[in-house]
Amino acid sequence: MDQHYYQELMDFYKAISLLSLEEIFTVLVDRLPSILSIHYFTLFLYDKDKRILNLLCHNHPQEWDYFPELSNSLKTTQSTFSTPLSQSPIMETAILSGQYILEQCFSNSSYNRGKVNPLFKKDFFVTIPLMIEKEIVGVLNVNDGEQDTFDQSNLEFTLDLSEFISMSVSNAILYEKTRKLAVTDGLTGISNRHQVEQVLQSEFKRSMRYDVPLSVILLDVDCFKDVNDTHGHQKGDDVLVVVASLLKKVCRANDIAGRYGGEEFLMVLPQSNAKGAFKIAERVREEMMKMSFAADKSNFSVTASCGVAEFNKDSMENIDQLVAVADQALYEAKNGGRNKTIIGHAKNKK
């Protein structure tokens with residue numbers, strides 16, 4: 001390995017050794033075309049369980065222009081494009097075999113489905129599976145450049161770079177998973193108690209400082225013990241997951257919902273007074289009444305009780321006092337027959 005080759009590799013390694021996928025993608029877009037002397041590339045992440053490819057990084061005008069055969073299968077979710085692995089023969093072969101594929105004449109290869117692509121001015125195409133300890137994390141595709149073909153030295157250098165890309169992408173994915181686990185409830189996928197309390201603390205300080213409304217909703221699934229006893233804990237978990245999904249759906253942009261206890265959830269609603277929070281709580285409660293859960297011999301439904309509290313600077317000095325008002329309102333809803341929403345009222349300080 002000559003000094004220039006080694007130096008290019010090390011410079012790229014330093015630039016891409018990041019823990020943010022977004023930052024990694026920025027580096028790739030900025031540096032990969034020039035360092036490889038190619039015009040276009042794509043980076044797909046591979047979901048092994050679902051056998052789906054998620055396109056998260058590229059430097060060409062339209063995703064579907066790059067793979068014409070995928071134009072009818074790509075599904076857009078925000079900025080991410082996904083496609084079943086089976087829709088791209090060349091990437092499917094590379095991933096399932098764990099081997100790179102270099103086609104010097106892609107248009108005449110068995111992988112091309114007769115599509116004419118304006119992005120392929122030079123006909124070579126390289127697909128490289130990105131691997132960490134024999135585990136496929138994604139696939140890198142490169143094509144079109146200054147040369148008519150992709151020679152052995154180009155290939156070796158690209159394979160070396162792909163190892164750094166694999167390592168950085170894998171580390172970033174692991175870091176993101178770890179970071180998410182620290183603030184996420186493992187069962188429901190929404191914020192855990194620590195995270196929702198951190199957000200509430202921040203919003204409480206902002207509300208106190210700028211005198212803006214802040215409300216919370218404390219929600220409890222009615223007779224949840226009966227669900228577990230009658231239908232089993234797995235079915236009880238299913239109920240909690242559905243409730244969490246409903247809370248996420250009704251949350252506005254700045255709202256946050258978290259699992260506060262076993263079957264108890266807390267919603268933090270910035271810029272919302274008690275009346276606004278009451279409407280949101282009622283929407284959740286009414287939606288829950290419409291839900292049906294499948295059991296062994298019959299379906300069952302669940303209800304929820306909600307306690308609402310609005311921040312009152314004349315009577316509250318901390319988040320515990322705000323939540324306590326919501327908790328008392330929830331207690332009244334439970335004692336009042338369940339399946340209802342009560343607005344709590346704090347007592348002014350003496």
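Scroll up to find the structure this text is about.
Quick look at the structure, then. These figures come from a predicted structure and were not determined experimentally.

Right, let's get into the nonpolar core. The tendency in soluble globular proteins is for nonpolar side chains to be buried side by side. Ile217, Val239, Phe265 and Met267 are the most contacted members of the largest nonpolar core, which totals 31 residues. No other element matches helix α8 (residues 233-250), which puts 7 residues into this core. Grouped together as the second largest cluster of nonpolar side chains are 30 residues, Ile24, Phe41, Val126 and Phe157 included.

What the rule picks out here adds up to 5 aromatic pairs. Between Phe124 and Phe150, the ring centres sit 5.2 Å apart and the planes meet at 35 degrees, which makes this aromatic pair tilted. Separated by 26 residues along the polypeptide, Phe124 in the loop between β5 (101-103) and β6 (125-132) and Phe150 in the loop between β7 (135-145) and α5 (152-183) bring together distant segments of the chain. We note that Phe124, like Phe150, is buried. Considering the side-chain rings of Phe204 and Phe311, the 4.7 Å spacing of their centres and the 70 degrees angle between planes classify their relative orientation as edge-to-face. Here Phe311 lies in the loop between β13 (304-310) and α10 (319-335) and Phe204 lies in helix α6 (residues 193-210), a separation of 107 residues in the sequence. Pair check on accessibility: Phe204 and Phe311 agree, each one buried.

Looking now at the environment of Gly186. Counting through the fold element by element, Gly186 comes out in the loop between α5 and α6. Between the C-alpha atom of Gly186 and that of Arg259, which follows or precedes it by 73 residues, the distance is 9.9 Å.

We now examine unusual backbone geometry. For Asp144, which is not glycine, the phi torsion reads 65 degrees and is therefore positive. As for its position among the elements, Asp144 is in strand β7. Positive phi, close to 55 degrees, is recorded for Asp211, a residue that is not glycine. Among the structural elements, Asp211 can be located in the loop between α6 and β8 (214-221).

A few words now on the packing of helix α1 (residues 3-16) against helix α2 (residues 21-36). Contact geometry for α1 and α2: axes closest at 10 Å, N-to-C directions at 160 degrees. It follows from the interaxial angle that α1 and α2 lie roughly antiparallel. Viewed along their axes, α1 and α2 form a crossing whose handedness is right-handed. Side by side, α1 and α2 meet where Glu8, Asp11, Phe12, Ala15 and Ile16 of the first sit next to Ile24, Val27, Leu28, Arg31, Leu32 and Ile35 of the second. Of the residues contributing to the contact of α1 with α2, the split by class is 8 nonpolar, no polar and 3 charged.

Definitions and cut-offs
Residues numbered from 1 in each chain as written. Predicted model: local features only at pLDDT ≥ 70, side-chain atom pairs only at ≥ 80, totals over all residues. Heavy atoms only, no water. Core = buried A, V, L, I, M, F, W, Y, C linked by side-chain atoms within 4.5 Å. Buried < 20%, exposed > 50% of the residue type's maximum accessible area, 1.4 Å probe, protein only. Helix = DSSP H or I, 4+ residues; strand = E, 2+ residues; numbered from the N terminus. Phe/Tyr/Trp six-rings, centres within 6.5 Å; stacked < 30°, edge-to-face > 60°. Axes fitted to C-alpha atoms, helices over the stretch in contact; angles between N-to-C directions. Parallel < 35°, antiparallel > 145°, perpendicular 65-115°, else oblique. Left-handed = near helix turned anticlockwise from the far one by under 90°. Contact = heavy atoms within 4.5 Å. Nonpolar A, V, L, I, M, F, W, Y, C, P; charged D, E, K, R; others polar.

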